[in-house]
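Descriptive structure summary
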Amino acid sequence: MTLDALSAQDVNMQLQAAGFGRCLIIQEQITNLLVEYQQIQQKIKEKLQPDGVPLTYRIAEKRDAELSFAIADDQMSASAIITAAWGGAPVSANALVKGAQEAGIVFGFSKEHIIKLVSHASKAEPGSKVKLIIAKGRPVEHGQNSRFEAVIPEMESRRNKPLVHSEEKADLRDFGVIPAVRAGDTLIRRHPPTAGVDGMTVTGSPIPATPGQVIEWNLAEGVELSPTDADLLLAARDGLPRVIENGATVDEVFTVKNVDLATGHIIFKGSVVVNGDVTEGMKVIAGGNVFVKGFVEGNLIEAGGDITIGGSIIGHQIATAEKDSEYSTELKANGDIQCNIAQYARLSCNGNLYVNKQIMHCAVAAAKVYAGPEDNPNGKVIGGYYYLDYGIYTGNLGAPSSSNILIQLNRQVDPIAEKQDVLRSSISATKKDMQDIREQLEKLKKIEGNAQIEQRKQELQKEFEEHRDVAMALIDDVKQLELQRREKLDATLIVVRQQLFSAVEVHFGKDLIRSRREYGPSKILLIDGSPAIEPFF
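Residues numbered from 1 in each chain as written. Predicted model: local features only at pLDDT ≥ 70, side-chain atom pairs only at ≥ 80, totals over all residues. Heavy atoms only, no water.

It is worth spelling out the state of the cysteines at this point. According to the stated counting rule, one finds 0 disulfides in the structure shown. Not part of a disulfide, Cys349 finds its nearest cysteine sulfur in Cys339, a span of 10 Å. Here Cys362 stays unpaired: no disulfide links it, and the sulfur of Cys339, its closest cysteine neighbor, is 7.9 Å away. (Disulfide = S-S within 2.5 Å.)

Next comes the structure, spelled out in structure tokens:
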């Protein structure tokens, strides 16, 4: 002890200088040290105690790094938490793994993450906590059901991809050779279901995989199973093959040069091939696919499969009223519709509409619309009304002349909204019944009780509770339908790769957005539930 002044800062500086800066400083002990130091200094001044007597306090200590673990609720990941050492020993990678195993973590260790964690913790501020996932479970991979593969590639929808004869030239009217088969040709191969891969939690508990199921064949007309292989589907007759769910069918083929006054309307249960044109006022109705190599001015083309038009669809507007306009030409397909150009026509399909170059002032109902090749939609969509499941992919949407376009992305959600309306009506009726019962109960409460009245009150109370349960169930159904509706709307999207013009109105359910100027590459979608026009990169 001396009479020199001493402060907490002095003590801390000396600790740093002595190499104890990363140790845990016990501030309370430093405070006690300084108080006693001052007391002894006073005694030395008063000659009550000689100087030079040492004063000893434990003011710092080394603490090794601390280790703990956190296992996720689903046991599919585990994290290690290291509290950085106070001048003591850090946690080594081996010690971490051993500690994890003692904590029940035995599977899915990441050597890279473990080394990264211990390295970072060894350099971290003393006492700070460093956390990182050090093990991940293996997700279960459930088995896949039987898978059906078309052996003849042309059986699959060929989209609007004209045959390219050279790097510079493509025949937009040539969609390739129309697929035809002979009896005995192989159509579909059924791949067996897979067993799946069991999962594993970080604690070593297996998660059994559900094996895939064998899906039975859908044996339609014109096909048969191979006598030597139950997983091969063969053509039973000559004709045009068509893929259907879990199988195929072979349509009989009707071939004609043109459909005009000389041939009359074509109504055929199989597929129809028109090597020329379908002229004004004529009809082609087929149970299978329809192929028209030329143009279509006819009154109606209807197909149980796809409609492929090598040329253009040329219709005329009979009456105008936006989506209720009448047109001279209508195409209806259970599958896709493909063409080169379409104008002033009503086009309806359960699949997609593929227009190679341009579609003008048409009324369209489809899942999606592609204007231009599917992998690079660079075509034009000008005017018209669109009632779609998912959206439009095009180069230009609209025109400088501000041709109005009305797009309703509601074909999937309107049926849901209708169900909701029916349920809400039922809820209102149930609530009215509940109110009537409540009023009856209130009246009975004012009458002096007897056994008959009490029994009636109990009956009404039970009836009220039954109505309440029904109302709650209906409300839950409405909520579930609303989740489905929002999920389907969130999947809708319009992509414009080149230019979006004004006067394009897009409806997402009851919400809408309208373009009021010209934009560059854009996308129209829901963002946080609200329609928006965003740049497309």
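Next comes the rest of the account.
Strand order in the open sheet made by the 3 strands is E12-E16-E15, with mixed pairing throughout. Strand pairing shows two members of the sheet lacking a second neighbour, strand E12 (218-219) and strand E15 (240-244), which therefore form its edges. With 5 bridges joining them, E15 and strand E16 (residues 247-251) adopt antiparallel strand pairing. Looking across to E16, one finds that Leu240 is bridged to Asp251. (Pairing = 2+ DSSP bridges. Helix = DSSP H or I, 4+ residues; strand = E, 2+ residues; numbered from the N terminus.)

Bringing the packing of helix H5 (residues 413-445) against helix H6 (residues 451-490) into the picture now. Running from N to C, H5 and H6 point in directions that differ by 160°, and their axes come no closer than 9 Å. It follows that H5 is roughly antiparallel to H6 by the angle criterion. Remark: the crossing between H5 and H6 carries left-handed chirality. (Axes fitted to C-alpha atoms, helices over the stretch in contact; angles between N-to-C directions. Parallel < 35°, antiparallel > 145°, perpendicular 65-115°, else oblique. Left-handed = near helix turned anticlockwise from the far one by under 90°.)

Residues Leu347, Ile359, Val364, Tyr386 and Ile407 are the most contacted members of the largest nonpolar core, which totals 54 residues. Residue contacts for Tyr386: discarding those within four places in its chain leaves Ile359, Cys362, Val364, Val369, Val381, Ile392, Ile405, Leu406, Ile407 and Gln408. (Core = buried A, V, L, I, M, F, W, Y, C linked by side-chain atoms within 4.5 Å. Buried < 20%, exposed > 50% of the residue type's maximum accessible area, 1.4 Å probe, protein only. Contact = heavy atoms within 4.5 Å.)

Right, let's talk about the confidence of the model for the protein chain for a bit. The pLDDT averaged across the protein chain works out to 88; a share of 92% of its residues lies at or above 70. Every residue in residues 158-176 is under pLDDT 50, and counting partners more than four places away or in other chains gives 48 contacts. (pLDDT = per-residue confidence, 0-100.)

A word on the packing of helix H1 (residues 8-17) against helix H2 (residues 27-45). The geometry of H1 relative to H2 is characterised by a closest axis approach of 10 Å and an angle of 120° between their N-to-C directions. What the angle tells us is that H1 and H2 run oblique. For the pair H1 and H2, the sense of crossing is right-handed. Together, Ala8, Val11 and Asn12 of H1 and Gln27, Ile30, Leu33 and Leu34 of H2 make up the contact between the two elements. Residue classes in the contact of H1 with H2 are distributed as 5 nonpolar, 2 polar and no charged. (Nonpolar A, V, L, I, M, F, W, Y, C, P; charged D, E, K, R; others polar.)

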